[in-house]
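# Fold and geometry: a report
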Amino acid sequence: MKTTGRCYCGSLKYEISGQAEAAFQCHCRECQYITGGNPNIVMVFPKNAFHYVEGNPKKFARTNLETPVTRHFCENCGTAMGTESPARPNSMIVKVGTLDDPSAFAAQAAIFTCDIQPFHHLPDGLPAFEKRPPKK
């Protein structure tokens, strides 16, 4: 299976070969800053299956955190593309809005609901976790 996506202006394009490892809503406060207030809606793919095929992203990691995430974004239009996280070192966390077909997303869980806001939506029956779910 091949998944494709891009930024808003088209300067960054990517391809992913392989299946998603996870799909979730993240309600943490950090994600709320990045999204402008909403949960972060993401799919997680094996890092070695994700490749930019056009352009190179700008990257940002906070220097005042012990284990910061590295955020990828388009320097032209500002689209947030995804994240590399120390919590998932062999994965690329891709923002669903950048997928060419975002309808491929089906949430498996909501995480960091300890920070959920009254205007966030949790679908009925979606497993929800105060922090990260326990590792299997």
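Below or above, wherever it landed, is the structure these notes cover. (Residues numbered from 1 in each chain as written. Predicted model: local features only at pLDDT ≥ 70, side-chain atom pairs only at ≥ 80, totals over all residues. Heavy atoms only, no water.)

## Here's the deal with the pairing of strand β3 (residues 22-26)
Along β3, five of the five residues are buried, which leaves the element largely enclosed by surrounding structure. Residues Ala22, Phe24 and Cys26 point to one face of β3 and Ala23 and Gln25 to the other, with burial holding for every one of them. The sheet contact formed by β3 and strand β4 (residues 40-46) spans five bridges and is antiparallel. Following the sheet pairing, Gln25 is matched in β4 by Ile41. Bridging between β3 and strand β10 (residues 109-111) involves three bridges; their strand directions are parallel. Bridge pairing links Cys26 to Ile111 in β10. (Buried < 20%, exposed > 50% of the residue type's maximum accessible area, 1.4 Å probe, protein only. Helix = DSSP H or I, 4+ residues; strand = E, 2+ residues; numbered from the N terminus. Pairing = 2+ DSSP bridges.)

## What to know about the sheet that holds strand β1 (residues 2-6)
Spatial ordering of the open sheet is given by β1-β2-β5, a layout of three strands whose pairing is antiparallel. The open sheet has two free edges, formed respectively by β1 and β5 (50-54), since each of these has just one partner strand. Going from strand to strand, the sheet's axes swing by 25° on average, the running direction of each strand aside. In this sheet, strand β2 (residues 13-17) lies alongside β1 in antiparallel orientation, the contact comprising five bridges. The residue of β2 that forms the bridge with Thr4 is Glu15. (Axes fitted to C-alpha atoms, helices over the stretch in contact; angles between N-to-C directions.)

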